[in-house]
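These are the residues of each chain, in order.
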Amino acid sequence: MNALLFAFLEQAVLAAIAAAGFGVVFNVSARVLIFCAAGGAIGRGLRFLLVETDLGMPIAWATFVAAASVSLASVYVAKRLRAHPKAFTVAAVIPMIPGVQIFTALIALAQMQQNAVTPELLATAINSGLSACLIVAALAVGLAVPGLLFYRQRPLI
């Protein structure tokens, strides 16, 4: 249990640093920067807990839940600070971008081009590429949840 707690804290702290860094790059004001960091820590930490604990949720679904949670929380915080919610959410979800899956897919593609196409390399490229696409789609839909629920002018059906 201590290893899981340490891994959770590591994920949350590193995601907070990354989110704050992207907040600086996006020229977010100093009073909003702490909320970018908190959103990054909450999103990445929640995704880690959903995937790594007994729940064992698939990473794409865990990413959707985490992105939607951060996006919904940012609507509440944005009203309090009189800022736009995207000022928090975009920087906060960047640490959840699937860099490892994209890198694995690209390395497998490069190895196929350099050597030969093998069933193992093809399976790795397809699995990692599809996983990355699903995670990015989950981030996009999770970010759109408040807009679909609260700001929509027409009914869904």
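Thresholds applied
Residues numbered from 1 in each chain as written. Predicted model: local features only at pLDDT ≥ 70, side-chain atom pairs only at ≥ 80, totals over all residues. Heavy atoms only, no water. Helix = DSSP H or I, 4+ residues; strand = E, 2+ residues; numbered from the N terminus. Buried < 20%, exposed > 50% of the residue type's maximum accessible area, 1.4 Å probe, protein only. Areas by Shrake-Rupley, 256 points an atom, 1.4 Å probe, with all protein chains shown as cover. Lys, Arg positive; Asp, Glu negative; His and termini not counted. Charge placed at Lys NZ, Arg CZ, Asp CG, Glu CD. Expected span 1.5 Å × (residues − 1). Contact = heavy atoms within 4.5 Å. Patch = residues over 30% accessible without salt bridge, like charges linked within 9 Å, V, L, I, M, F, W, Y side chains within 5 Å. Salt bridge = Lys/Arg side-chain N within 4 Å of Asp/Glu carboxyl O. Phe/Tyr/Trp six-rings, centres within 6.5 Å; stacked < 30°, edge-to-face > 60°. pLDDT = per-residue confidence, 0-100. Axes fitted to C-alpha atoms, helices over the stretch in contact; angles between N-to-C directions. Parallel < 35°, antiparallel > 145°, perpendicular 65-115°, else oblique. Left-handed = near helix turned anticlockwise from the far one by under 90°.

*Asks:* I tried to follow the overall build of the chain on my own but got confused; where do I start?
*Replies:* Within the chain one finds six helices and zero strands. Tracing the chain from N to C terminus, the helices and strands come up as α-α-α-α-α-α. Dimensions of the chain along its principal axes, counting C-alpha atoms only, are 55 × 45 × 35 Å. Across the 157 residues in the chain, those meeting the buried criterion constitute 34%. Carbon and sulfur atoms form 71% of the exposed surface of the chain, whose accessible area is close to 9,600 Å². A gap of 31 Å separates the mean positions of the 9 positive and 4 negative side-chain charges of the chain.

*Asks:* Help me understand helix H3 (residues 59-81) in this model?
*Replies:* Residues separated by three or four positions in an α-helix point in the same direction, a consequence of the helix having 3.6 residues per turn. Here H3 contains 23 residues, and its C-alpha end-to-end distance of 32 Å stays within 8% of the 33 Å for a straight helix at 1.5 Å per residue. By the burial criterion, the buried members of H3 are Ala60, Ala62, Thr63, Ala66, Ala67, Ala68, Val70, Ser71, Ser74, Val75 and Ala78. Buried-residue contacts for H3 involve helix H2 (30-52), helix H4 (86-93) and helix H6 (119-149).

*Asks:* What should I look at first to understand a nonpolar patch on the surface in this one?
*Replies:* On the surface, Leu72, Leu148, Leu149, Phe150 and Tyr151 cluster together to form a nonpolar patch covering roughly 510 Å² of accessible area. You can call leucine 72 partly exposed: its relative accessible area is 34%.

*Asks:* In this structure, what is going on with the environment of alanine 138? I would like to understand it.
*Replies:* Structurally, the position occupied by alanine 138 is in helix H6. On a C-alpha basis, the gap between alanine 138 and glycine 56 in space is 17 Å, while along the polypeptide they are 82 residues apart. Residue contacts for alanine 138: discarding those within four places in its chain leaves Ala60, Thr63, Phe64 and Ala67.

*Asks:* So what exactly am I meant to see when it comes to the packing of aromatic side chains here?
*Replies:* Scanning the entire structure with this criterion turns up three aromatic pairs. Each ring, one from phenylalanine 35 and one from phenylalanine 88, has its centre 6.2 Å from the other, and the planes form 70°; the classification is edge-to-face. Linking phenylalanine 35 in helix H2 with phenylalanine 88 in helix H4, this pair joins segments that are 53 residues apart in sequence. Judged by its relative accessible area of 33%, phenylalanine 35 is partly exposed.

*Asks:* Explanation requested: the side chain of arginine 47 in the structure shown.
*Replies:* Structurally, arginine 47 can be placed in helix H2. Among buried Asp, Glu, Lys and Arg side chains, arginine 47 stands out as unpaired, with glutamate 52 the closest opposite charge at 8.5 Å. Contact partners of arginine 47, with chain neighbours within four places excluded, come to Ile59, Ala62, Thr63, Ala66, Met96 and Ile135.

*Asks:* It is not clear to me how the side chain of serine 128 should be interpreted in this structure. Could you clarify?
*Replies:* With respect to the element layout, serine 128 can be found in helix H6. Owing to a relative accessible area of 12%, serine 128 belongs among the buried residues under this scheme. Beyond its immediate sequence surroundings of up to four residues, serine 128 is in contact with Gln101, Thr104 and Ala105.

*Asks:* Help me understand the confidence of the model for the chain in this model?
*Replies:* Detailed reading of the predicted model is not advised wherever pLDDT is low. For the chain, per-residue confidence averages 90 on the pLDDT scale, and residues scoring 70 or more make up 96% of the total. In the model of the chain, H4 stands out as the element of lowest mean pLDDT, 87, in contrast to helix H5 (residues 99-114), which has the highest, 95.

*Asks:* Help me understand the packing of H3 against H4, please; the structure alone is not making it clear to me.
*Replies:* Relative placement of two packed helices is described by the angle separating their axes and the distance separating the axes. At a minimum axis distance of 8 Å, the contact between H3 and H4 shows a crossing angle of 150°. Between H3 and H4, the angle is such that the two are roughly antiparallel. The element H3 and its partner H4 pack so that their crossing is right-handed. In this structure, H3 contributes Ala67, Val70, Ser71, Ser74, Val77, Ala78 and Leu81 to the contact, and H4 contributes Phe88, Thr89, Ala92 and Val93.

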